[in-house]
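These are the residues of each chain, in order.
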Amino acid sequence: MPKEMNDIRVSAPESRPKAKEVCAFLAEYSGWLFSSGATCIRLEKNVKRIAASLGMTVEMSVLPRHLHITVMDRCGRQCFTSVAPILERPVSFAINTRLSTLSWDMADGEVDFREAQKRFCRIIDTPLSSGWAVLMLVAIANASFCRLFGGDMMAMAVVFIATAAGFALKQTLTEKHVDSRLVVIACSFVSAVLAAADGLFSLGRTPEIAIGTSVLYLVPGIPYINSFCDMLDRHYICAFGRAMNAVVITCCLSIGLCAGMLLMNVGMF
Amino acid sequence: MNIPLITWCCIAAVSVLIICVRLYHGFTAHHHRHESRSRLHRNRIIEVGSESEELFIPGDPQIKEGYAEGDE
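Residues numbered from 1 in each chain as written. Chains lettered and ligands numbered in written order. Predicted model: local features only at pLDDT ≥ 70, side-chain atom pairs only at ≥ 80, totals over all residues. Heavy atoms only, no water.

So, the overall build of chain A
- Helices and strands together make up the secondary structure of chain A, namely 11 helices and three strands.
- Mapped in sequence order, the helices and strands of chain A form the string α-α-β-β-β-α-α-α-α-α-α-α-α-α.
- Relative to its full complement of 269 residues, chain A shows a buried share of 46%.
- The long-range share in chain A, meaning contacts at least 24 apart out of those at least 6 apart in sequence, stands at 64%. (Helix = DSSP H or I, 4+ residues; strand = E, 2+ residues; numbered from the N terminus. Buried < 20%, exposed > 50% of the residue type's maximum accessible area, 1.4 Å probe, protein only. Contact = heavy atoms within 4.5 Å.)

What follows is the structure, encoded as structure tokens:
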């Protein structure tokens with residue numbers, strides 16, 4: 001596997017695709033990679049690696065909702081620019097990893113451009129993980145968080161149920177294409193209200209931990225981490241965009257949580 | 001009137017309803033998928049196989065099915 005750009009095997013000139021084709025491919029590739037949860041540095045490296053393996057150079061600018069890609073051949077005779085939208089889709093590390101592997105395979109000379117296009121289509125057709133499996137895992141993870149924060153067994157059980165109900169609502173509303181901010185408000189409200197059962201029915205001894213941890217599954221962790229990574233890499237516009245998106249989601253989460261706590265007469269501070 | 005209790009009961013009832021609807025949709029979708037898959041890939045009792053499936057020795061070149069000239 002090549003470690004440096006100099007180690008990339010460049011395809012023979014006669015078998016090289018046109019810059020226009022490469023530009024269209026890279027625009028779609030970057031849109032999918034970015035939407036799957038990749039940071040800007042990963043995006044840049046992968047795209048430049050693919051372009052180098054095809055004997056071309058690429059320049060790109062990453063904006064919060066679009067990507068601009070310009071592909072040039074080495075002689076500078078052909079130059080194409082493409083704008084790709086950033087899709088609103090769930091983060092998928094499976095797609096992320098496989099798209100990165102594709103770029104390495106192209107750099108190693110194991111996959112030519114035509115084969116790469118076919119493999120790309122297969123990768124983006126990868127079905128999402130089973131909804132029920134994700135629901136169960138999220139509920140278990142949130143119950144574990146409750147335990148980590150000092151919740152008792154009854155609080156864990158209540159958090160498990162509250163998370164499962166909230167996540168089921170999230171899946172249903174997302175399928176109906178409801179605005180993601182409204183989804184977060186509704187889900188945090190439902191989870192907070194259901195988690196209040198611990199105190200309402202005097203089931204356990206840590207009702208406040210149950211309510212506090214019941215909405216943790218909605219915290220936008222990946223956007224926050226990616227925003228920080230982008231900032232370190234001096235992609236300030238993209239970092240700011242991601243951070244703002246994460247802050248808005250956190251505010252929506254807080255609105256739902258506070259509304260639930262107020263309705264359930266749970267003391268906030 | 002106990003507002004928290006009523007709110008909790010309403011939210012719990014709606015949540016149970018949502019989960020039941022999702023379960024129902026999940027089962028019907030799975031049933032349809034299973035049916036269409038079994039229709040597509042039905043196991044046949046008798047089938048005419050290709051020549052390479054019947055007469056193949058490890059190391060044989062993988063050639064496309066069909067007869068060469070003069071074999072007919």
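Now that the structure is up, let's keep going.
Some details on the environment of Ile19(B)
- Among the secondary structure elements, Ile19(B) is positioned in helix α1 (residues 3-40).
- Those residues in contact with Ile19(B) that sit more than four places away from it in its chain are Trp132(A), Ala165(A) and Ala168(A).

Observations concerning the packing of aromatic side chains
Residue and element names in this part refer to chain A.
- Counting across every chain of the model gives seven aromatic pairs over all chains.
- Note on Tyr29 and Phe120: the rings are 6.2 Å apart at their centroids and 40 degrees apart in plane angle, and the pair reads as tilted. Of this pair, Tyr29 sits in helix α1 (residues 19-35) while Phe120 is found in helix α4 (residues 113-124), placing the two residues 91 residues apart along the sequence. The burial state of Tyr29 is the same as that of Phe120; both residues are buried.
- Taken together, a centroid distance of 6.1 Å and an interplanar angle of 65 degrees make the contact between Phe167 and Tyr217 edge-to-face. With Phe167 in helix α6 (residues 153-175) and Tyr217 in the loop between α9 (207-213) and α10 (221-232), this pair connects stretches of sequence that are 50 residues apart.
- The rings of Phe25, Tyr29, Phe113 and Phe120 are connected pair by pair, giving a single aromatic cluster.
- Taking NZ or CZ as reference, Arg49 lies 3.6 Å from the ring centre of Trp104, over its face. (Phe/Tyr/Trp six-rings, centres within 6.5 Å; stacked < 30°, edge-to-face > 60°. Lys NZ or Arg CZ within 6 Å of the ring centre and 35° of its normal.)

A short note on the side chain of Asn46(A)
Residues and elements named next belong to chain A.
- Along the chain, Asn46 falls in helix α2 (residues 40-53).
- A residue is classified by how much of its surface remains accessible, and Asn46, at 3% relative accessible area, is buried.
- With sequence-adjacent residues up to four places away left out, Asn46 is seen in contact with Tyr29, Leu33, Leu99, Ser100 and Ser103.

Here we look at the interface of chain B and chain A
- With 12 residues of chain B at the interface, the matching set in chain A holds 17 residues.
- Between chain B and chain A, a total of about 1400 Å² is buried, with carbon and sulfur atoms accounting for 77% of that surface.
- Between the two partners, chain B and chain A, sit one salt bridge.
- Salt-bridge contacts for Arg22(B) lead to Glu175(A); the nearest nitrogen and oxygen are separated by 3.1 Å.
- The interface formed by chain B and chain A contains four residue pairs in polar contact (both at pLDDT 80 or more).
- Classifying every residue of the side of chain B that touches chain A by side-chain character gives nine nonpolar, two polar and one charged. (Buried area = accessible area lost by both parts, 1.4 Å probe. Salt bridge = Lys/Arg side-chain N within 4 Å of Asp/Glu carboxyl O. Polar contact = N/O pair within 3.5 Å; in protein donor to acceptor, adjacent residues only side chain to side chain. Nonpolar A, V, L, I, M, F, W, Y, C, P; charged D, E, K, R; others polar.)

Things to note about the packing of α1(A) against helix α3 (residues 93-107) of chain A
All names here are of chain A.
- Where α1 contacts α3, the two axes come as close as 10 Å, and the packing angle between them is 145 degrees. For the pair α1 and α3, the contacting residues are Phe25, Tyr29, Trp32 and Leu33 in the first and Ile95, Asn96, Leu99, Ser100, Leu102 and Ser103 in the second.
- In terms of residue class, the contact of α1 with α3 is made up of seven nonpolar, three polar and no charged. (Axes fitted to C-alpha atoms, helices over the stretch in contact; angles between N-to-C directions.)

A few points about the pattern of salt bridges
All names here are of chain A.
- A full pass over the atoms with the stated rule returns six salt bridges over all chains.
- Between Arg242 and Asp230 there is a salt bridge, with its nearest N and O atoms 2.8 Å apart. Residue Arg242 is located in helix α11 (residues 236-263), and its partner Asp230 is located in helix α10; the two are separated by 12 residues in the primary sequence.
- Judged by relative accessible area, Arg242 falls into the buried class, the value being 12%.

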